[in-house]
Amino acid sequence: MIKYSEIELREMISNLRLWKVNNTLTDRTEIELTKYELLLENHLNNKYKEIDEWLDKLINKNGITKY
């Protein structure tokens, strides 16, 4: 499976959405759009999960901090 960066995914989604507004997408391109949207969502969820885990480790190490 190809790994895309967040920027690449955003660009591909943007391009497909623009195409969708001006034209009709084929079933295949509609599937591609959905696939890229899901990949981006998964990427963002993992990105924030890593940050949350890092913050949890920091809080456990240093005690509770006030935000």
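This write-up is about the structure you can find in this document. Keep in mind that this is a model prediction, so the values were computed, not measured.

## Details of the overall build of the protein chain
In terms of regular secondary structure, the protein chain is built from two helices and zero strands. Computed over C-alpha atoms, the radius of gyration of the protein chain comes to 18 Å, more than 25% over the 11 Å expected from 2.2 N^0.38 for 67 residues, which places it beyond the range of a compact globule. Its C-alpha atoms give the protein chain principal-axis dimensions of about 55 × 25 × 15 Å. Across the 67 residues that make up the protein chain, the buried fraction comes to 13%. Considering only intrachain contacts with a sequence separation of at least 6, the fraction spanning at least 24 residues in the protein chain is 48%.

## Brief notes about the nonpolar core
Grouped together as the largest cluster of nonpolar side chains are eight residues: Leu 9, Ile 13, Leu 16, Leu 25, Leu 33, Tyr 36, Leu 40 and Leu 44. For this core, the elements supplying multiple residues, two or more each, are helix 1 (6–22) and helix 2 (27–62).

## Some points on the pattern of salt bridges
Any two side chains of opposite charge can pair, on the condition that their charged atoms come close. Applying the stated criterion to the full structure yields four salt bridges. Salt-bridge contacts for Glu 37 lead to Arg 17; the nearest nitrogen and oxygen are separated by 2.8 Å. Of this pair, Glu 37 sits in helix 2 while Arg 17 sits in helix 1; the two residues are 20 residues apart in sequence, bridging distant segments of the chain. Residue Lys 20 pairs with Glu 30 through a salt bridge whose shortest N-O separation is 3.1 Å. Taken as a pair, Lys 20 in helix 1 and Glu 30 in helix 2 lie far apart in primary sequence, 10 residues in all. For Lys 20, a relative accessible area of 39% gives the class partly exposed. Using a relative accessible area of 27% as the deciding quantity, one classes Glu 30 as partly exposed.

## Overview of the packing of helix 1 against helix 2
Two elements in contact, helix 1 and helix 2, have axes separated by 9 Å at closest approach and are oriented at 145°. Crossing handedness for the pair helix 1 and helix 2: left-handed. For the pair formed by helix 1 and helix 2, the contact residues are Glu 6, Leu 9, Arg 10, Met 12, Ile 13, Leu 16, Arg 17 and Lys 20 on the first element and Thr 29, Glu 30, Glu 32, Leu 33, Tyr 36, Glu 37, Leu 39, Leu 40, His 43, Leu 44 and Lys 47 on the second. Grouping the constituent residues of the contact of helix 1 with helix 2 by class yields nine nonpolar, two polar and eight charged.

## Some remarks on helix 2
Here helix 2 contains 36 residues, and its C-alpha end-to-end distance of 52 Å stays within 8% of the 52 Å for a straight helix at 1.5 Å per residue. In the core, the buried residues of helix 2 are packed alongside helix 1. Immediately downstream of helix 2, the backbone of Gly 63 shows phi near 90°, a positive value.

Each value, and the rule that gives it
Residues numbered from 1 in each chain as written. Predicted model: local features only at pLDDT ≥ 70, side-chain atom pairs only at ≥ 80, totals over all residues. Heavy atoms only, no water. Helix = DSSP H or I, 4+ residues; strand = E, 2+ residues; numbered from the N terminus. Rg over C-alpha atoms; globule rule 2.2 N^0.38 Å. Buried < 20%, exposed > 50% of the residue type's maximum accessible area, 1.4 Å probe, protein only. Contact = heavy atoms within 4.5 Å. Core = buried A, V, L, I, M, F, W, Y, C linked by side-chain atoms within 4.5 Å. Salt bridge = Lys/Arg side-chain N within 4 Å of Asp/Glu carboxyl O. Axes fitted to C-alpha atoms, helices over the stretch in contact; angles between N-to-C directions. Left-handed = near helix turned anticlockwise from the far one by under 90°. Nonpolar A, V, L, I, M, F, W, Y, C, P; charged D, E, K, R; others polar. Expected span 1.5 Å × (residues − 1).

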